[in-house]
Amino acid sequence: MMDNKRNTEDLLDAANPLKHLTRAQFAALGGDAVAYVKPVSGLVLSAMIDDAEFDVATQYQLVMSADGTPLMVADTAEAVSEWLGDQNIGVATLH
């Protein structure tokens, strides 16, 4: 049974070669030009960013690059849209 699971994982890894790219390889594919917007609570942001204070009850908009690097935090979708309008970044839709 364990061999079947390992074989399935190996097949999935082979089918998803992007999982194993280095940061430089990912950037060469345009990973530094793609971002996504994720709603997060102030509590989560306070845990992520040491030198900043966030209202733990507020829902913020976190813009992250495709490689997971935080790019920007805003308290409104409008602020994110305005910031993205000034950037050369494509936005991917989360599913």
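See the structure shown above.
Being a predicted model, the structure only gives us computed values, none of them experimental. (Residues numbered from 1 in each chain as written. Predicted model: local features only at pLDDT ≥ 70, side-chain atom pairs only at ≥ 80, totals over all residues. Heavy atoms only, no water.)

> I tried to follow the side chain of Gln61 on my own but got confused; where do I start?
Of note, Gln61 is situated in strand S2 (residues 59-65). Using a relative accessible area of 17% as the deciding quantity, one classes Gln61 as buried. Residues contacting Gln61, with those up to four places away along its chain left out, are Val37, Lys38, Pro39, Met72, Val73, Ala74, Thr76, Ala77 and Val80. (Helix = DSSP H or I, 4+ residues; strand = E, 2+ residues; numbered from the N terminus. Buried < 20%, exposed > 50% of the residue type's maximum accessible area, 1.4 Å probe, protein only. Contact = heavy atoms within 4.5 Å.)

> Quick question: what am I supposed to make of the environment of Val91 here?
One can find Val91 in strand S4 (residues 90-91). Given the relative accessible area of 47%, Val91 is considered partly exposed. Separated by 56 residues in the primary sequence, Val91 and Ala35 place their C-alpha atoms 4.9 Å from one another.

> It is not clear to me how the sheet that holds strand S1 (residues 34-41) should be interpreted in this structure. Could you clarify?
Sheets are built from strands paired through backbone hydrogen bonds, the pairs being either parallel or antiparallel. The sheet built from 4 strands is open, its strands ordered S3-S2-S1-S4 with mixed pairing. Looking along the sheet, the strands with just one partner apiece sit at the ends: strand S3 (70-74) and S4. Alignment of S2 against S3, held across 4 bridges, turns out to be antiparallel. From the neighbouring strand, Val63 faces S3, where its bridge partner is Met72. (Pairing = 2+ DSSP bridges.)

> I'm lost on the side chain of Ser65 in this one. Help?
Here Ser65 lies in strand S2. Look at Ser65 and you get buried, because its relative accessible area is 7%. Apart from residues no more than four positions distant in its own chain, Ser65 is found in contact with Val34, Ala35, Tyr36 and Leu71.

> Explain the pairing of S2 here, please?
Where a strand is regular, its side chains alternate between the two sheet faces. Buried residues dominate S2, accounting for 6 of its 7 residues. Hairpin connection of S2 to S3: 4 residues between the antiparallel strands, including Gly68 at a positive phi of 95°.

> Is there a simple way to think about the pairing of S1 in this case?
Note that S1 and S4 share 2 bridges and pair parallel. The residue of S4 that forms the bridge with Val34 is Gly90. As defined by bridge partners, S1 adjoins S2 across 7 bridges and the pair is classed as antiparallel. Counted as the bridge partner of Val37 is Val63 from S2.

These results come straight from atomic positions and should not be treated as a statement about function.
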